[in-house]
Amino acid sequence: MFSLLTQALLWLLLLTFLWYILQRVVPKNYLAVLGYAVLLLALIMPFFYPADPLSGSAWSILSLPLKPLSLSLLLLLLGTSDVWAGGLKDGKKVVKPNLVIWALVILLLSSNPWISRYLERQVISAGVQPAQVCQTTTTTQIAGTIVVLGRGVTEAYQPAGTQIPQIDTNERIMEAVEQQQQQVSLGNRPLTIVSAGKLVVGTRNQTETEYIETRLANMNVSPITEYSSVSVHDTAVNLKRVSNNQGNVNNRVIVVASAIDVGRAQLTFQKQGVTTIPRASNLQEIICDQRQRRLALADFIPSVEALLRSTRAINEFFALLYYFMRGWLTLS
């Protein structure tokens, strides 16, 4: 923690010094042009180089107004800016009520459980049709490959920790094991591929891919690891290469992902000519059960979980839009 704070202070000191030099040396007109150039670069880099850490940081900052909580806080800050600045009107501090009201409305809507589930269904349904997962008499199809999209199964590297923290999307590992067992029960032994990139987790310099591989091996599943992919698109492109190297001739692939991005994964794999079977631990709960579920009072009480689900759904919407603009998938 001390090291992180020191790094932040050093960067702040360096940026302050550079800003002072620019203010003193560079004319203001050129500063405006420089600012626009930096902003344009920050917008372009995430589009063409999404895996670059600098692009990720730039997008994290630029996308703040696109997230419900960040947008609400921004509106609250703008609505109360005169209060913080000490502005007075007729001897009273001024608050802009319209901005404050909009902030509260956005926060209330995005934290509503019914709305969050609706948003989830919409982004998932962009790639997954209810008929694929909601049939009561679905016959298990034989697949040649099980692809586990494992990015996000663990939290990022934490210097102060000694264990590898797991989050809710860790259910993908259990879903992959279940799919493997179903295929074995049919007399089929599909190739299992783990694609999670090279993100380091824990304190043993273990990548996320290696962590998932170990977890699957402990459950009698022997996967093949694929490190070079940094996105779902990369995984879809590299799948054929890995399958051909293993002599796999069955083109049907079971894609195991989190429920929120399994639709985008299916569309991306289909763009590469791969026949996919989407699978996620709570996919049926989101897509199928909602049609029969009756509304209750709890569906309209704001919650932190609903806010998180709404935020993920909105993020996934922009991910779908990004993939569509890059030509990596086709939206029907």
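All of these numbers come straight from a predicted model, not from anything done at the bench.

## Quick look at helix 15 (residues 304-325)
Here's step 1: For helix 15, spanning 22 residues, the distance from its first C-alpha to its last is 32 Å, which sits close to the expected 32 Å at 1.5 Å a residue.
Here's step 2: Buried within helix 15 are the following residues: Ala306, Leu307, Arg309, Ser310, Thr311, Ala313, Glu316, Ala319, Leu320, Tyr322 and Tyr323.
Here's step 3: Just downstream of helix 15 lies Gly327, where phi reads positive at about 80 degrees.

## Re the environment of Lys96
Here's step 1: Within the secondary structure, Lys96 is located in the loop between strand 2 (92-93) and helix 6 (97-110).
Here's step 2: The spatial distance from the C-alpha of Lys96 to the C-alpha of Leu76 is 8.9 Å, given a sequence separation of 20 residues.

## Describing the pattern of salt bridges
Here's step 1: For the structure on display, the rule yields 5 salt bridges.
Here's step 2: With its nearest N and O atoms 3.8 Å apart, the salt bridge here joins Glu226 to Arg241. Separated by 15 residues along the polypeptide, Glu226 in strand 7 (residues 224-226) and Arg241 in helix 11 (residues 232-245) bring together distant segments of the chain.
Here's step 3: Of the residues examined, Glu226 reaches a relative accessible area of 5% and is grouped as buried.
Here's step 4: Classification of Arg241 by relative accessible area gives partly exposed; the value is 40%.
Here's step 5: Look at the salt bridges and you will find they share partners, linking Glu120, Glu305 and Arg309 into a network.

## Details of the packing of helix 7 (residues 113-125) against helix 15
Here's step 1: The interhelical angle for the contact between helix 7 and helix 15, taken along N-to-C directions, is 25 degrees, at an axis separation of 8 Å. Between helix 7 and helix 15, the interaxial angle falls into the category roughly parallel. For the element pair helix 7 and helix 15, the recorded crossing hand is left-handed. Contacts from Pro113, Ser116, Arg117, Leu119, Glu120 and Val123 in helix 7 reach Ala306, Arg309, Ser310, Ala313, Glu316, Phe317 and Leu320 in helix 15.
Here's step 2: Grouping the amino acids of the contact of helix 7 with helix 15 by side-chain chemistry returns 7 nonpolar, 2 polar and 4 charged.

## Considerations on unusual backbone geometry
Here's step 1: You will see that Asn220, though not glycine, has its phi angle at about 65 degrees, which is positive.
Here's step 2: Relative to the elements of secondary structure, Asn220 occurs in the loop between helix 10 (208-218) and strand 7.

## Regarding the nonpolar core
Burial of nonpolar side chains together is a common tendency in soluble globular proteins.
Here's step 1: Judged by nonpolar contacts, the single largest core of 33 residues is most densely connected at Ile124, Leu149, Leu239, Phe269 and Leu283.
Here's step 2: Breaking this core down by element, the ones donating at least two residues are helix 7, strand 3 (145-149), strand 4 (191-195), helix 11, strand 8 (252-256), helix 12 (262-271), helix 13 (283-287) and helix 15.
Here's step 3: The residues touching Leu239, leaving out its near neighbours within four places in the chain, are Thr145, Val147, Ile193, Val253, Phe269 and Val274.
Here's step 4: In this structure, Ala176, Val194, Tyr211 and Val221 belong to the second largest nonpolar core, which totals 15 residues.

## Focus on helix 7
Here's step 1: Along its 13 residues, helix 7 runs 18 Å from first to last C-alpha, staying within 8% of the 18 Å computed at 1.5 Å per residue.
Here's step 2: Those residues of helix 7 that sit buried are Pro113, Ser116, Arg117, Glu120, Arg121, Val123 and Ile124.
Here's step 3: Its side-chain oxygen placed 2.9 Å from the backbone nitrogen of Trp114, Asn112 serves as the N-cap of helix 7.

## With respect to the sheet that holds strand 8
Here's step 1: Here 5 strands make up an open sheet; going across it, the order is 7-4-3-8-9 and the pairing parallel. The open sheet terminates on both sides in strands that have one partner only, identified here as strand 7 and strand 9 (275-279). The average angle at which neighbouring strand axes cross in this sheet is 25 degrees, direction not considered.
Here's step 2: Of the strand pairs in this sheet, strand 8 and strand 9 are connected by 5 bridges, and their pairing is parallel. Each residue of the ladder has a partner; that of Ile254, found in strand 9, is Ile277.

Definitions and cut-offs
- Residues numbered from 1 in each chain as written.
- Predicted model: local features only at pLDDT ≥ 70, side-chain atom pairs only at ≥ 80, totals over all residues.
- Heavy atoms only, no water.
- Helix = DSSP H or I, 4+ residues; strand = E, 2+ residues; numbered from the N terminus.
- Expected span 1.5 Å × (residues − 1).
- Buried < 20%, exposed > 50% of the residue type's maximum accessible area, 1.4 Å probe, protein only.
- Salt bridge = Lys/Arg side-chain N within 4 Å of Asp/Glu carboxyl O.
- Axes fitted to C-alpha atoms, helices over the stretch in contact; angles between N-to-C directions.
- Parallel < 35°, antiparallel > 145°, perpendicular 65-115°, else oblique.
- Left-handed = near helix turned anticlockwise from the far one by under 90°.
- Contact = heavy atoms within 4.5 Å.
- Nonpolar A, V, L, I, M, F, W, Y, C, P; charged D, E, K, R; others polar.
- Core = buried A, V, L, I, M, F, W, Y, C linked by side-chain atoms within 4.5 Å.
- Polar contact = N/O pair within 3.5 Å; in protein donor to acceptor, adjacent residues only side chain to side chain.
- Pairing = 2+ DSSP bridges.

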